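A look at the structure
Chain by chain, the residues run as shown.
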Amino acid sequence: MSEPYDVIIVGSGAGGGMSAYTLTKAGLKVLLLEAGRNYDPVTETPMFNIPSEAPLRGTSTPDKPFGFYDATVDGGWQVPNEPYTIAEGSEPFMWWRPRMMGGRTNHWGRISLRFGPLDFKPKSRDGLGQDWPITYDELAPWYDKVERLIGVTGRAQGLPNTPDSPDGCLQPPPTPRAYEQFVTRGFNGLGIPVAAMHAAVLTQPLNGRAACFYATSCGRGCSIKANFQSTTVLLPPAMATGNLDIRANALVYQVDLDRTGKAKGVTFVDRVTGEHHSVTARSVVLAAGACESARILLNSKSAAFPDGLCNTHGMVGRYLMDSVGTSVSGQFPALENLPPTNDDGMSVGHIYVPWWGYEKQSRKQLPFPRGYHIEMGGGRAMPGMNLGAMLSASGDLTVGSALREDARRIYGSYIGFAGRGEMIPNEDCYTDLDPQVKDKWGIPVLRFHWKWSEHETGQAAHMVQTFLEVIDKLGGKPTPGYQTDGKQAISRGGEIIHEVGTVRMGHSPEDSVVNAYGQSWAVKNLFVTDGAVLVSSPDKNPTLSILALAWRSSDHLAGLARRGEL
Amino acid sequence: MSHQKAQSGITPYVSRVDRRTTLAWLGGAVAAGLAAGAGAVPGAAEAAVVAANTLKGYGTDPKLTHPDKAPWPRLMTPAQLQAAAVLCDFILPASADAPSATALGVPDFIDEWISAPYPAQVADRPAILEGLDWLEAEAQRRHHAVLLQLASADRAALLTSLAAKPTDPSLNKPHIFLWRFRALVIGAYYTTKPGFKDIGYHGNVALAAYPGPSDAVKAHLDRELKKLGL
């Protein structure tokens with residue numbers, strides 16, 4: 001296809017992939033630019049590989065921070081040649097980036113929870129944070145469409161602020177594993193309901209994709225396309241329209257404007273050749289990931305926008321959020337010597353615990369304002385190098401047949417509990433350009449500023465208390481090393497890899513960068529469709545909402561294009 | 001006397017690392033600025049340790065479906081590798097149903113681990129190598145023989161004394177070493193197919209549907225939950 005394209009999309013992950021799918025299906029000519037290399041899950045996914053086939057038994061290293069078989073290419077907490085910095089006096093911040101087609105959708109956790117009605121109106125709920133310019137009901141039709149397209153497990157359970165999907169949207173959830181049935185009784189004993197997991201994993205075939213065969217961790221990606229990855233679910237049908245060109249290794253750093261102040265395209269550096277190129281289009285969609293999209297805007301300086309594009313009110317990079325996280329694991333004598341059983345399942349949990357404290361919070365009976373959900377892992381998962389530490393923690397220094405007996409007894413008797421909670425946006429958490437540091441190609445890099453507030457540390461302390469209670473209820477012992485002080489227990493900023501905000505949507509140019517459709521207030525043919533537009537960061541993992549918002553925004557963009565209003 | 005001990009000694013461990021891989025490490029070592037032959041020549045191990053810290057790992061985009069062998073050269077001396085083998089089979093000797101740790105190449109894995117250029121493995125390296133050296137020296141001190149040549153009763157007594165909670169403070173450090181070494185052996189052993197079988201890992205097979213726990217498993221859970229009042 002020739003320039004100018006109708007749309008240039010920057011990024012191929014959840015936001016970019018969804019935008020490409022929607023816009024090409026609407027008949028628009030699209031160029032998608034991805035900073036990473038091409039990637040083919042069908043031929044590159046290590047299905048069935050076991051640890052002994054990998055260096056260091058697949059243990060995580062700085063080269064592969066989530067383990068050798070994790071899908072992530074050329075990235076993790078550091079990307080070669082592309083540094084970032086932390087401001088002096090800031091709390092730590094970590095930024096996970098891959099450099100591959102499909103971005104983080106290749107390795108993500110697949111947990112797909114709808115935000116609820118309260119999550120869109122947090123300020124109205126308790127005076128904290130900011131209300132979204134849309135309601136749950138306005139976004140719900142796109143949640144329905146996304147679930148039907150990508151395939152999400154789950155079941156209607158009628159729990160507060162945890163929306164049920166209309167009939168026909170969800171796939172049947174798999175039966176809970178042995179340890180999940182066990183832990184369910186523990187939570188129920190504390191009066192806490194447990195729900196079927198909503199995961200972007202097929203339990204029934206869909207659109208030519210196979211159902212999960214309950215082996216091989218989703219974090220590796222999936223060659224049979226049973227889970228949702230942009231590279232298996234969104235980009236192939238977009239390519240099939242004939243309306244999509246894709247260019248890999250294109251690291252976009254600037255949005256270019258024409259004389260009238262409209263976007264005319266973008267400029268990128270080819271990561272392999274080091275050459276700089278500009279490409280043109282009638283509109284531009286940024287979906288490079290919340291932080292990278294902010295970086296592109298901040299680096300797009302002009303006479304009209306000396307502090308970065310769309311940054312007249314200093315809003316770009318503001319209100320950076322992550323999820324609150326902490327975890328405790330426990331060892332359970334009741335699970336020792338269970339008859340061996342296949343616990344692989346769909347790799348992600350088959351159950352989770354939605355936030356159960358809405359009523360208490362509305363009565364101000366909890367010392368923190370917002371909720372969290374609980375994810376669990378355990379059972380007889382494929383053994384890894386951590387088995388050594390597990391056995392060290394749970395017994396004597398046995399050898400020989402006594403060790404083999406200990407191993408059989410202890411294996412599968414651990415359950416890990418992880419909380420994922422809502423963070424309230426604050427003035428201390430934001431990103432800007434580092435005044436000195438540049439990447440390999442001379443482009444200024446991001447500098448992060450981070451500070452958890454008491455809202456989050458109080459919540460983290462409550463998570464730990466809950467985990468200790470349920471471990472005790474089930475006759476288990478917590479693994480030493482956990483912290484009961486929320487300030488010590490809480491994850492580092494960015495560590496949960498749910499960084500959102502930075503280019504938020506809102507009601508006016510004074511309180512936001514883009515409108516309710518991700519359309520920039522300052523440049524009307526410039527859109528943002530990744531997690532940057534999120535106004536709040538509820539406990540629910542953000543990917544499903546990013547997909548729904550990207551679809552809705554792209555529908556709007558396509559409508560404007562059709563009517564010649566861009 | 002020494003002849004008698006040789007008879008009761010054990011067969012030396014034969015490394016499972018093939019010659020092609022060793023040559024590849026040498027190539028890597030040369031590329032990293034090492035003198036040719038380092039790591040294979042006695043006395044070059046120390047230089048190799050220093051050089052290993054400047055070596056790179058497998059990189060940020062390794063082939064995942066058919067992984068290459070770990071690219072870094074191995075740092076254990078032949079004596080350290082033999083001591084590791086003795087210790088591996090003290091920790092997990094063959095059982096009626098499962099092979100020994102050495103039969104699964106675990107000593108080579110420990111060498112791969114402590115030789116790796118990554119921070120966690122580099123941190124393990126000194127304690128593991130010193131522990132293996134201590135074990136060999138202790139065999140000489142107690143019995144005036146190399147570890148491999150000890151009478152089996154002497155070797156068993158030495159290793160068992162190491163495994164017991166130390167009353168003699170001079171055994172504190174070797175005891176801590178053994179805990180760490182044991183954790184590595186456990187990890188290495190049970191992440192293999194024979195290890196899966198021995199521990200009862202039944203997954204990694206394609207299923208048409210996920211059946212959930214069997215009736216026997218559910219009955220076990222019900223019994224245990226009843227005891228807990230749940």
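Throughout this document, residue positions are counted from 1 along each chain, in the order its sequence is written. Naming scheme: in the order in which they are written, chains are lettered from A and ligands are numbered from 1. Two thresholds apply to this predicted model, a pLDDT of at least 70 for residue-level local features and 80 or more for giving and counting side-chain atom pairs, whereas whole-chain, interface and lining totals are computed over all residues.

**A few points about the overall build of chain A**
Segments assigned H or I by DSSP are reported as helices when at least four residues long, segments assigned E as strands when at least two residues long, and all are numbered from the N terminus. On a plain count of helices and strands, chain A comes out with 14 helices and 18 strands. The burial label depends on the number of other C-beta atoms within 10 Å of a residue's C-beta. Counts of 20 or more mean buried, 12 or fewer mean exposed, and intermediate counts mean partly exposed, with C-beta atoms placed from the backbone. Per-residue burial over chain A gives 60% buried out of 566 residues. By sequence separation, contacts in chain A at least 24 residues apart represent 73% of the contacts at least 6 residues apart. By definition, residue pairs are in contact when their C-beta atoms, positioned from the backbone, come within 7 Å.

**Here we look at the overall build of chain B**
What chain B contains, in helices and strands, is 10 helices and zero strands. Start at the N end of chain B and walk to the C end: the helices and strands fall as α-α-α-α-α-α-α-α-α-α. Sequence separation of at least 24 residues holds for 60% of the intrachain contacts in chain B that already meet a minimum separation of 6.

**Some remarks on the sheet that holds strand β12 (residues 372-378) of chain A**
Residue and element names in this part refer to chain A. Pairing is antiparallel in the open sheet, where four strands are placed in the order β12-β13-β10-β16. In the strand order of this sheet, the two ends are held by β12 and β16 (477-478), each with one partner. Sheet topology places β12 next to strand β13 (residues 414-421); seven bridges connect them, and they run antiparallel. In the strand pairing of β13, M376 is matched with F417. Pairing between two strands requires that DSSP report at least two bridges joining them.

**A short note on the nonpolar core**
A set of buried Ala, Val, Leu, Ile, Met, Phe, Trp, Tyr and Cys residues, joined through C-beta atoms within 7 Å, is what we mean by a nonpolar core. Core analysis: the largest hydrophobic core is formed by 215 residues, its most contacted members being I8(A), V10(A), A20(A), V30(A), V252(A) and V185(B). Where each domain begins and ends is defined by an automated method or by a domain database. When residues of this core are assigned to domains, at least three fall in each of domain 1 (18-73) and domain 2 (77-227) of chain B. Once residues within four sequence positions are removed from consideration, A20(A) is found in contact with I9(A), V30(A), L32(A), L234(A), L235(A), A238(A) and L244(A).

**Focus: the sheet that holds strand β15 (residues 444-449) of chain A**
Residue and element names in this part refer to chain A. Taking strand neighbours across the sheet as the criterion, the three strands line up as β3-β15-β14 in an open arrangement whose pairing is mixed. Each edge of the open sheet carries a strand with a single partner, namely β3 (85-86) and β14 (430-438). Relative to β15, β3 is paired through two bridges, and the arrangement is parallel. Counted as the bridge partner of T85 is R447 from β15. Angles here are taken between N-to-C directions and fall from 0 to 180 degrees, while the axes themselves are lines fitted to C-alpha atoms, restricted in helices to the stretch in contact. The strands that helix α8 (residues 290-299) touches are β14 and β15; relative to β14, the one it contacts most, it runs at about 60 degrees.

**With respect to the environment of A140(A)**
When you line up the elements, A140(A) lands in helix α5 (residues 136-150). Taking the C-alpha atoms as reference points, A140(A) and M47(A), 93 residues apart in sequence, are found 35 Å from one another.

**Examining the interface of chain A and chain B**
At the junction of the two partners, chain A supplies 64 residues and chain B supplies 56 residues. Going through the elements one at a time, α6 (178-189), α10 (386-393) and α11 (400-410) of chain A are the ones with two or more residues in the side of chain A that touches chain B. We call Asp, Glu, Lys and Arg charged. Ala, Val, Leu, Ile, Met, Phe, Trp, Tyr, Cys and Pro are nonpolar, and the rest, Gly among them, are polar. Taken together, the residues that form the side of chain A that touches chain B break down as 35 nonpolar, 17 polar and 12 charged.

**Examining the environment of V470(A)**
On the secondary structure map, V470(A) appears in helix α12 (residues 454-473). In this view, V470(A) contacts G186(A), F187(A) and L190(A); residues no more than four positions away in its chain are not counted.

**Brief notes about unusual backbone geometry**
Cis geometry is adopted by the peptide bond preceding P4(A), which originates at E3(A) and carries an omega value of -5 degrees. Residue position: P4(A) is located in the segment before β1 (5-10). The phi dihedral of R57(A) is positive, around 55 degrees, even though this residue is not glycine. You can call R57(A) buried: it has 24 C-beta atoms within 10 Å. Phi at H144(B) takes a positive value of approximately 55 degrees, unusual for a residue other than glycine. Judged by the 12 C-beta atoms lying within 10 Å of it, H144(B) falls in the exposed class.

**Brief notes about helix α7 (residues 152-163) of chain B**
All names here are of chain B. Each residue after the first adds 1.5 Å to the expected span of a helix. Between its first and last C-alpha atoms α7 spans 16 Å; for 12 residues at 1.5 Å apiece the expected length is 16 Å, and the two agree. By the burial criterion, the buried members of α7 are R155, L159 and L162. End-on view of α7: buried residues confined to an arc of 55 degrees, all on one side of the axis. Facing away from the buried surface of α7 by more than 90 degrees, the exposed residues are A153, A156 and T160. Where the residues of α7 are buried, they touch α4 (78-91) and α8 (172-190). Throughout, the arc means that of the directions going from the helix axis to the C-beta atoms.

**Quick notes on the packing of helix α1 (residues 14-25) of chain A against helix α7 (residues 230-240) of chain A**
Residues and elements named next belong to chain A. With their axes 8 Å apart at the nearest point, α1 and α7 run at an angle of 25 degrees to one another. For the element pair α1 / α7, the angle class is roughly parallel. When the axes of α1 and α7 are compared, the crossing they make is left-handed. On α7, the residues that touch A14, G17, M18, A20, Y21 and T24 of α1 are S230, L234, L235, P237 and A238. When its residues are assigned to classes, the contact of α1 with α7 shows eight nonpolar, three polar and no charged. Reported orientations rely on four angle classes, namely roughly parallel under 35 degrees, roughly antiparallel over 145, roughly perpendicular from 65 to 115, and oblique for the rest. Helix crossings are classified by the rotation of the near helix relative to the far one: an anticlockwise turn of less than a right angle makes the crossing left-handed, while a clockwise turn makes it right-handed.

**Here we look at the pairing of β13(A)**
Residue and element names in this part refer to chain A. The buried count for β13 comes to seven of eight residues, which makes it a mostly enclosed element. Where strand β10 (residues 324-331) and β13 come together, eight bridges link them in antiparallel fashion. Residue pairing for β13: Q331 is matched across the bridge by Y414.

**Digging into the confidence of the model for chain B**
The predicted coordinates should not be examined in detail at positions where pLDDT is low. Residues and elements named next belong to chain B. The pLDDT value expresses, per residue, how confident the predictor is, ranging between 0 and 100. A residue-level look at chain B finds 83% of positions with pLDDT of 70 or above and a mean pLDDT of 87. In this model residues 1-7 is a low-confidence stretch, pLDDT under 50, and it forms five contacts with partners more than four residues away in sequence or in other chains. In this model, residues 33-47 is a region of pLDDT below 50 whose contacts with residues beyond four sequence positions or in other chains number 25 contacts.

**Digging into the packing of helix α5 (residues 106-115) of chain B against helix α6 (residues 119-143) of chain B**
Residues and elements named next belong to chain B. Where α5 contacts α6, the two axes come as close as 7 Å, and the packing angle between them is 125 degrees. Considering the angle they form, α5 stands oblique to α6. On the side of α5, the interface is formed by I110, W113 and I114, while α6 contributes Q121, D124, R125, I128 and L129. A class-by-class count of the residues in the contact of α5 with α6 yields five nonpolar, one polar and two charged.

**A closer look at helix α14 (residues 543-562) of chain A**
Residue and element names in this part refer to chain A. If you check α14, its first and last C-alpha atoms are 28 Å apart, about what 20 residues at 1.5 Å a residue would give, namely 28 Å. Counting buried positions along α14 gives 14 out of 20 residues, so the element sits mostly inside the fold. Directly beyond the C-terminal end of α14, a positive phi value near 65 degrees is found at G564.

**Describing the environment of L170(A)**
If you trace the backbone, L170(A) turns up in the loop between α5 and α6. If sequence neighbours within four positions are ignored, L170(A) has contacts with E147(A), V152(A), T153(A), G154(A), R155(A) and S165(A).

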